[in-house]
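Next come the chains, spelled out residue by residue.
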Amino acid sequence: MAALKHDTHSADWPSGPDGALCLAEWFRRRAEEAPDQPVLTFQGQTWSRGEMYDHVRLLSGHLAKLGVRSGDRVAYFGFDHPILLAALFAAARIGAIFVPLNFRLSSAELIDIVKDAGVHTMIVDEVHEEVAEQNGEQLGCRAMLCVSAIVSMIEAAPAGQEGPLFEKNIVSAAETAL
């Protein structure tokens, strides 16, 4: 069996305390084995394993710059989008807990769930941005990111660049609602 290169930007542990493989490490290995294999098609665009893992690396680097650490919560509030998958693996890569939120939640339900989960950073799509803006202060998140801003920055990133690179699009809950 070939030795795998250690990804120094992943969590210090490639597997959990019980020896189970970390979700992010599992995806990194799949990307390394077959980087050109298609992994996702969305709205007519297909991403390979390698491309998706580049997105995961960029987003995890950015989340870490925002202060997300192992055990923190990263939520996604929106419709299906490739960033949802990238956020899942990016959160796992730094040991954070991914919290997918139902896009049908009322404002009151959203506030209750986000506060109860103790969400550090929430990623929101354009359709749900207004709900997040209206409730931003009550949600108590330290940061919120818009899917379109993440996509724009990923597309503008040089190949192989590690995050963080989204500073212009960071919005702190202390500065504004969204």
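Computed from a prediction, not measured in an experiment: that's the story for all the values here.

So, how was this worked out
Residues numbered from 1 in each chain as written. Predicted model: local features only at pLDDT ≥ 70, side-chain atom pairs only at ≥ 80, totals over all residues. Heavy atoms only, no water. Phe/Tyr/Trp six-rings, centres within 6.5 Å; stacked < 30°, edge-to-face > 60°. Buried < 20%, exposed > 50% of the residue type's maximum accessible area, 1.4 Å probe, protein only. Helix = DSSP H or I, 4+ residues; strand = E, 2+ residues; numbered from the N terminus. Arc of directions from axis to C-beta. Contact = heavy atoms within 4.5 Å. Core = buried A, V, L, I, M, F, W, Y, C linked by side-chain atoms within 4.5 Å. Pairing = 2+ DSSP bridges. Salt bridge = Lys/Arg side-chain N within 4 Å of Asp/Glu carboxyl O.

(A) A look at the packing of aromatic side chains. Scanning the model with the defined rule gives 5 aromatic pairs in all. Measuring from ring centre to ring centre gives 6.4 Å for Trp26 and Phe27, while their planes differ by 45°; the resulting arrangement is tilted. Assessed through its relative accessible area of 37%, Trp26 is described here as partly exposed. When its relative accessible area of 3% is taken as the criterion, Phe27 is described as buried. Each ring, one from Phe27 and one from Tyr53, has its centre 6.2 Å from the other, and the planes form 45°; the classification is tilted. Within this pair, whereas Phe27 is found in helix 1 (residues 23-33), its partner Tyr53 is found in helix 2 (residues 49-65), the two being separated by 26 residues in sequence.

(B) Up close: helix 1. Of the residues making up helix 1, those classed as buried are Ala24, Glu25, Phe27, Arg28 and Ala31. In an axial view of helix 1, the angular spread of the buried residues amounts to 160°, which keeps them on one side of the axis. For helix 1, the secondary structure elements touched by its buried residues are strand 1 (38-42), helix 2 and helix 3 (82-93).

(C) Region of the structure containing unusual backbone geometry. Positioned with a positive phi, Gln43 is a non-glycine residue whose angle comes to about 50°. If you trace the backbone, Gln43 turns up in the loop between strand 1 and strand 2 (45-48). On the accessibility criterion, Gln43 (72% relative accessible area) is exposed.

(D) View of the nonpolar core. Counting residues in hydrophobic clusters, the biggest one holds 28 residues, and the most contacted among them are Leu59, Leu63, Val74, Ile83, Ile123 and Ile150. Broken down by secondary-structure element, the contributors of at least two residues to this core are helix 1, helix 2, strand 3 (73-77), helix 3, strand 6 (143-146) and helix 6 (147-156). Within the second largest apolar cluster, 15 residues are counted, among which are Leu110, Val119, Cys141 and Met144.

(E) The pairing of strand 2, seen in detail. One ladder, built from 4 bridges, connects strand 1 with strand 2; its direction is antiparallel. Its bridge partner lying in strand 2, Pro38 is registered against Ser48. In this antiparallel pair of consecutive strands, strand 1 and strand 2, the connection spans 2 residues, and Gln43 shows a positive phi of 50°.

(F) Summary view of the pairing of strand 5 (residues 119-124). Counting buried positions over the 6 residues of strand 5 gives 6, a clear majority of the element. Two strands pair when backbone bridges link them, and strand 3 and strand 5 are joined in this way by 5 bridges, in the parallel orientation. Within strand 5, the position partnered with Tyr76 by the bridge is Ile123. Alignment of strand 5 against strand 6, held across 4 bridges, turns out to be parallel. Across the sheet, residue Met122 finds its bridge partner in strand 6, namely Met144.

(G) Structural view of the environment of Leu105. Structurally, Leu105 can be placed in the loop between strand 4 (97-101) and helix 4 (107-117). With relative accessibility at 17%, the residue Leu105 sits in the buried group. Remark: the alpha-carbon pair of Leu105 and Phe77, spanning 28 residues in sequence, is separated by 9.3 Å. Excluding anything up to four places from it in sequence, Leu105 contacts Leu110 and Ile113.

(H) Representation of the pattern of salt bridges within the structure. A full pass over the atoms with the stated rule returns 5 salt bridges. Between Arg57 and Asp54 there is a salt bridge; the shortest N-O distance is 3.3 Å. Residue Arg57 and its partner Asp54 are located together in helix 2, separated by 3 residues, close to a single helical turn. Judged by relative accessible area, which is 29%, Asp54 ranks as partly exposed. Counted as one network, the salt bridges with shared partners bring together Glu25, Arg28, Arg29 and Glu32.

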